[in-house]
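# Chains, contacts and geometry: an overview
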Amino acid sequence: MIRNLLSQPTVTFCEEITNNIISRPNYAISNLAYISVGLFLFIKVKQNKIYLPFAVLALTVGTASMLYDVKPLYLTQLLDLLAMLVIASLMIFLNFSNLYKLSIKKCILIATAMITLGMFFVLIFQGHAGNFVFGFFIAVAIVSEYLVYQRKLHKEYKYWIAALIIFLIGFAVWLPDGTKTYCNPIALLNGRAVFHYLTAISIYLLAVFYSKSQS
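Residues numbered from 1 in each chain as written. Predicted model: local features only at pLDDT ≥ 70, side-chain atom pairs only at ≥ 80, totals over all residues. Heavy atoms only, no water.

Moving on to empty space enclosed by the protein. One simple way to see leftover space: roll a probe sized like a water molecule over the atoms. One pass over the structure, following the stated rule, counts two cavities of 30 Å³ or more. By volume, the largest cavity is sized at about 290 Å³. Lining of the largest cavity is provided by 22 residues; of these, Met91, Ile138, Phe167, Ser202 and Leu206 occupy positions nearest its centre. Looking at the lining of the largest cavity, the elements with two or more residues in it are helix 4 (74-100), helix 6 (129-150), helix 7 (157-178) and helix 8 (191-213). Partitioning the lining of the largest cavity into residue classes produces 18 nonpolar, three polar and one charged. Roughly 60 Å³ of volume is contained in the second largest cavity. What lines the second largest cavity is Ser89, Ile92, Phe93, Phe96, Cys107, Ile110, Ala111 and Met114. Here the residues of the lining of the second largest cavity are counted per class, giving seven nonpolar, one polar and no charged. (1 Å grid on protein atoms, 1.4 Å probe; cavity = no way out; pocket = protein on both sides within 12 Å on 5 of 7 lines; lining within 4 Å. Points joined across faces, edges and corners; volume = space filled by probe spheres on them. Helix = DSSP H or I, 4+ residues; strand = E, 2+ residues; numbered from the N terminus. Nonpolar A, V, L, I, M, F, W, Y, C, P; charged D, E, K, R; others polar.)

Here it is, written out as structure tokens:
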């Protein structure tokens, strides 16, 4: 049964939901990391147009995640997840276009189908289903990048490896926050906040990686 979109989210974190104007202020502030990266990448668009989609999506992720923390609802939780799936899809999109010489239209159709199926899965199974869907998207992005690597279609892999390591560290820090097994007494250093800081850096490194690979 599909959950009421205006009901409480299915996932909670260390920073509790309050009735304040900004329900989870510390998490909300941490999303400025994405927005800062997005704005910085916009400045670099003149150097390489590949920065543009990463800039737009960094701002989108930051805005969606901030909305989720300003007003935690099942709807804003889904929007937060959707933004993360879109940025993972961008990596898959770029890799597939290199691997199989697919047109932009076909890549967009594949990405849209994946996202639609992923969101449908989350709506049906709820709970932490979004984590599994996001994990699947990341796995596809990693596998597709490995296939690109085998064909030597990209270069400067130090940026990609650094982005992956930083993301994995962020996810490892996020887990105890998402399960409330450990809550840092310094709110701005709770797992979800640190995940925001680190994944914002990962987005920047991925943008640099793809810019150098396609230059």
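Moving on from the coordinates now.
Below, the discussion takes up the packing of helix 6 against helix 7. Two numbers describe how helix 6 lies on helix 7: the axes approach to 13 Å, and their chain directions differ by 160°. With respect to helix 7, the element helix 6 is oriented roughly antiparallel. Pair helix 6 / helix 7 crosses with left-handed handedness. Of the residues in helix 7, those touching helix 6 at Asn131, Phe134, Ile138, Ile142, Glu145, Val148 and Tyr149 are Tyr157, Trp160, Leu164, Phe167 and Trp174. Its residues assigned to classes, the contact of helix 6 with helix 7 comprises ten nonpolar, one polar and one charged. (Axes fitted to C-alpha atoms, helices over the stretch in contact; angles between N-to-C directions. Parallel < 35°, antiparallel > 145°, perpendicular 65-115°, else oblique. Left-handed = near helix turned anticlockwise from the far one by under 90°. Contact = heavy atoms within 4.5 Å.)

Attention now moves to the side chain of His154. With respect to the helices and strands, His154 occurs in the loop between helix 6 and helix 7. Judged by relative accessible area, which is 7%, His154 ranks as buried. A distance of 3.0 Å separates the side chain of His154 from the side chain of Asn98, its partner in a polar contact. When sequence neighbours within four positions are dropped, the list of residues in contact with His154 reads Asn95, Asn98, Glu145, Val148, Phe209, Tyr210 and Ser213. (Buried < 20%, exposed > 50% of the residue type's maximum accessible area, 1.4 Å probe, protein only. Polar contact = N/O pair within 3.5 Å; in protein donor to acceptor, adjacent residues only side chain to side chain.)

Turning our attention to the pattern of salt bridges. Across all of its chains, the model carries five salt bridges by this definition. Between Asp69 and Arg24 there is a salt bridge, with its nearest N and O atoms 3.0 Å apart. Note that Asp69 is positioned in helix 3 (residues 51-70) and Arg24 in the segment before helix 1 (25-30), a separation of 45 residues in sequence. We note that Asp69, like Arg24, is buried. Asp69 is the partner of Arg192 in a salt bridge, and the nearest nitrogen-oxygen pair spans 2.5 Å. Of the two residues, Arg192 sits in helix 8 while Asp69 sits in helix 3, which places them 123 residues apart along the sequence. (Salt bridge = Lys/Arg side-chain N within 4 Å of Asp/Glu carboxyl O.)

By themselves, these observations are geometric and do not establish any function.
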